[in-house]
Protein chains: 2
Amino acid sequence: MTHIRLTPLALSLPATVPFVGPETQERARGAAFTARLGANESVFGPSPAAITAMAETPQWMYGDPESFDLRMALAAHHGCSPDNIMVGEGIDGLLGYLVRMFVATGDAVVTSAGAYPTFNYHVAGFGGTLHTVPYVNDREDPASLFAKAAEVDAKLVYLANPDNPMGTVHSGAEIARALDALPAGTLLVLDEAYVECAPECTALSLPVDDPRVIRMRTFSKVYGLAGARVGYAIGHPDLITAFHKVRNHFGMNRAAQAGALAALEDQPYLAQVQDQIVQARDRISQIARSCGLTPIPSATNFVTIDCGRDAVFAKAVLDGLIAQGIFVRMPFIAPQNRCIRISCGTPEMLDALATALPVALESAEKG
Amino acid sequence: MTHIRLTPLALSLPATVPFVGPETQERARGAAFTARLGANESVFGPSPAAITAMAETPQWMYGDPESFDLRMALAAHHGCSPDNIMVGEGIDGLLGYLVRMFVATGDAVVTSAGAYPTFNYHVAGFGGTLHTVPYVNDREDPASLFAKAAEVDAKLVYLANPDNPMGTVHSGAEIARALDALPAGTLLVLDEAYVECAPECTALSLPVDDPRVIRMRTFSKVYGLAGARVGYAIGHPDLITAFHKVRNHFGMNRAAQAGALAALEDQPYLAQVQDQIVQARDRISQIARSCGLTPIPSATNFVTIDCGRDAVFAKAVLDGLIAQGIFVRMPFIAPQNRCIRISCGTPEMLDALATALPVALESAEKG
């Protein structure tokens, strides 16, 4: 195809998708899921104020390329300057820009084996070389991440706190202490997507101007706006400004900006969702235990359940749930892939889970 | 700042924005615009069915990463396979992916001097070298674009038909004939953002599988959904598949997908907007002529007005309109920048324009 002359890098990349979407699975199985518990969305939905704000936003106008109102509100919320904040098309979009800014062909990047695949997708997409370290006791391990970064002269090191897919957590103070070992040429990409449902001490306790780290936050999880695609980065102004070199300036959906602003301003609703998440986590854990499985303590809006055997068994349990219309996912890599991962659901969805899990287990045990 | 080690390419790029947004201008002047006629948005808004569909879409779910329903409907609309269609975050987002796939440092790209700045922004952002040819009689010139592409061995050549910022047009048959001169190593990026308000013969009259060209379409213009960020590319399946190597798979807003689908299905509403655009173009042209200015015949949802002198004068007219609360823009490059560009407005907005333009002209003539 002579007219299609991709770059050598693009030619080398596979056409892929970091996650198969639930709609794709629904089309394949010919039926909708009855409980959508696989993508760590918030079934509790966003603040009604957000829904109203989005409905009232004129769709014919492009969004403000500065996301000014939202950025101002976020700065006030975090007690920092708007110059410390970059709003973007979800954390996925911001990670793409960040990797593009830092990673050229052959540059080293470090993450944990089995951590967020979309980050890895971006690293591969810009020609970076990914180095991994194992989880330690189902937690990402800052010490080994930063040691590996020093060893390979990494441009970026990725750490999610709380972690996805395991739901485990470090205190922000632990991360801050570990940062003493971060090499001078490495930037920590701290993904705090789930921080709003973690203990308060989880957020990194360092000044937002600290040039060693960029934090990623999102309205997709506890704020309940996954469909709207709004994330933001918090960091040193030099780093925030650099996004203007590469970002899609008019990429932010206008209604999404308005919805995120309204969601941010409705902290009482957020507190209510936080309560619902705690209750749902307890219920999922109880369902798991009642089946003889081990829930891993979670600081997120999902619970990862240790199925007690290998990946083949966990996959059989997962398939058994999916066959019963319960959409769930599982970690990709050993030893974490002995688990399945279940997002918080409404009481009705968790009733369905409670019914389906024993059936799935029995079927998996039969092989 | 030792931890911030941008790539050499990123370091070389300026922090910039292809267009200053109207909200930025409103904040600077301390007052809202009374007529927003500068961004070629559709003041007539989207189909009411689109607004309803968006309001009814749950915001807590991620969008389908395949945009399956929308892609199927677009395939039916265009009489092609869904494998010929890639949905993305507006044409801006799709252009970014396309440039990323084709352009590595030093690769040649061709466009017209003064054509769409966001395309140029992406080319610079991936290290490409941009070569330009002049407009001919206020029209982009396929022959000189393709000749330049041959001369510099361009990977991509950009052509908007109808053109922005001039509003001029070629027939699709003319473009098809000109393609005989497209060099074998060059892909034509044919931006048809405005095709829905152009004469029917404007759309390229070649099979969608033709590997020489990728077409860009959008819901931001005549469909009235600029705030939602939905565009799509039509092309050879090999080219469409390649987007999966680099795109942000979960980047599409869920409500936006639903809104675009509903807008597409409401072709009677589209026809009504097309009529309103024709009327608004006539009115803008008449206002221009009544002030002694020359409207350039338009196949778009805006009218570019030749102010009859140089760029300094046109800029003074533009500033005079902005001072009166009328947001308009103008071409960036000579000789097109002797003009100002006015988007179609409601009758009330154009009444405001009719009042403001003579005042702006008088003020500009005084210097």
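These numbers were taken from a predicted model, which means no experiment stands behind them.

### What about the side chain of serine 171 of chain A?
Phase 1: Checked against the element boundaries, serine 171 of chain A lands in the loop between strand S5 (156–160) and helix H8 (172–178).
Phase 2: Excluding its chain neighbours within four sequence positions, the residues that come into contact with serine 171 of chain A are Cys201 and Thr202 of chain A.

### Describing the relation of the copies chain B and chain A
Phase 1: For the pair chain B and chain A, the best superposition has an RMSD of 0.0 Å and corresponds to a rotation of 180° with a translation of 0.0 Å parallel to the axis. Here the transformation between the copies is reduced to the relation of a two-fold axis. Closest approach to the rotation axis among the C-alpha atoms of chain B is made by alanine 55 of chain B, whose C-alpha sits 2.9 Å away.
Phase 2: The overlap is high: 100% of the interface residues of chain B also sit at the interface in chain A, so the same surface is used on both sides.

### As for the domain arrangement of chain A
All names here are of chain A.
Phase 1: Along its sequence, chain A is carved into domain 1 (20–44 + 268–366) and domain 2 (48–265).
Phase 2: The straight-line distance from the C-alpha centre of domain 1 to that of domain 2 is 25 Å.
Phase 3: When domain 1 packs against domain 2, the two sides together hide about 1900 Å² of surface, and 63% of this comes from carbon and sulfur.
Phase 4: When the buried area of domain 1 at its contact with domain 2 is split by residue, Leu270, Ala299 and Gln336 rank highest and sum to 28% of it.

### What about the pairing of strand S12 (residues 339–343) of chain A?
Phase 1: The buried fraction of S12 of chain A amounts to five of the five residues, a majority that puts the element mostly inside the structure.
Phase 2: Here S12 of chain A shows a buried face lined by Cys339, Arg341 and Ser343 of chain A and a second buried face lined by Ile340 and Ile342 of chain A.

### Details of the packing of helix H5 (residues 90–102) of chain B against helix H6 (residues 117–125) of chain B
In a pair of packed helices, the angle between the axes and the distance between the axes together describe the arrangement.
Residues and elements named next belong to chain B.
Phase 1: Orientation of H5 relative to H6, taken along the N-to-C sense of each, is 30°, at an axis distance of 9 Å. As for the relative orientation of H5 and H6, their crossing is right-handed in sense. When H5 is examined against H6, the residues Asp92, Leu95, Gly96 and Val99 are found in contact with a partner set consisting of Thr118, Phe119, His122 and Val123.
Phase 2: Split into classes, the residues belonging to the contact of H5 with H6 amount to four nonpolar, three polar and one charged.

### Concerning the interface of chain B and chain A
Phase 1: Opposite the 85 residues of chain B that make contact, chain A presents 85 residues.
Phase 2: Interface area for chain B against chain A, summed over the two sides, is near 7200 Å², with a carbon-plus-sulfur share of 58%.
Phase 3: Interface area lost by chain B to chain A is led by His3, Arg5 and Trp60 of chain B, which between them contribute 13%.
Phase 4: Where chain B touches chain A, the interface holds eight salt bridges.
Phase 5: Those elements that place two or more of their residues in the side of chain B that touches chain A are helix H1 (8–12), helix H2 (22–29), H5, H6, helix H9 (237–242) and helix H10 (254–265) of chain B.
Phase 6: The biggest single contributor to the side of chain B that touches chain A is H5 of chain B, with five residues.

Rules behind the numbers
Residues numbered from 1 in each chain as written. Chains lettered and ligands numbered in written order. Predicted model: local features only at pLDDT ≥ 70, side-chain atom pairs only at ≥ 80, totals over all residues. Heavy atoms only, no water. Helix = DSSP H or I, 4+ residues; strand = E, 2+ residues; numbered from the N terminus. Contact = heavy atoms within 4.5 Å. Least-squares fit on C-alpha atoms with pLDDT ≥ 70 in both. Domains from an automatic or database assignment. Buried area = accessible area lost by both parts, 1.4 Å probe. Buried < 20%, exposed > 50% of the residue type's maximum accessible area, 1.4 Å probe, protein only. Axes fitted to C-alpha atoms, helices over the stretch in contact; angles between N-to-C directions. Left-handed = near helix turned anticlockwise from the far one by under 90°. Nonpolar A, V, L, I, M, F, W, Y, C, P; charged D, E, K, R; others polar. Salt bridge = Lys/Arg side-chain N within 4 Å of Asp/Glu carboxyl O.

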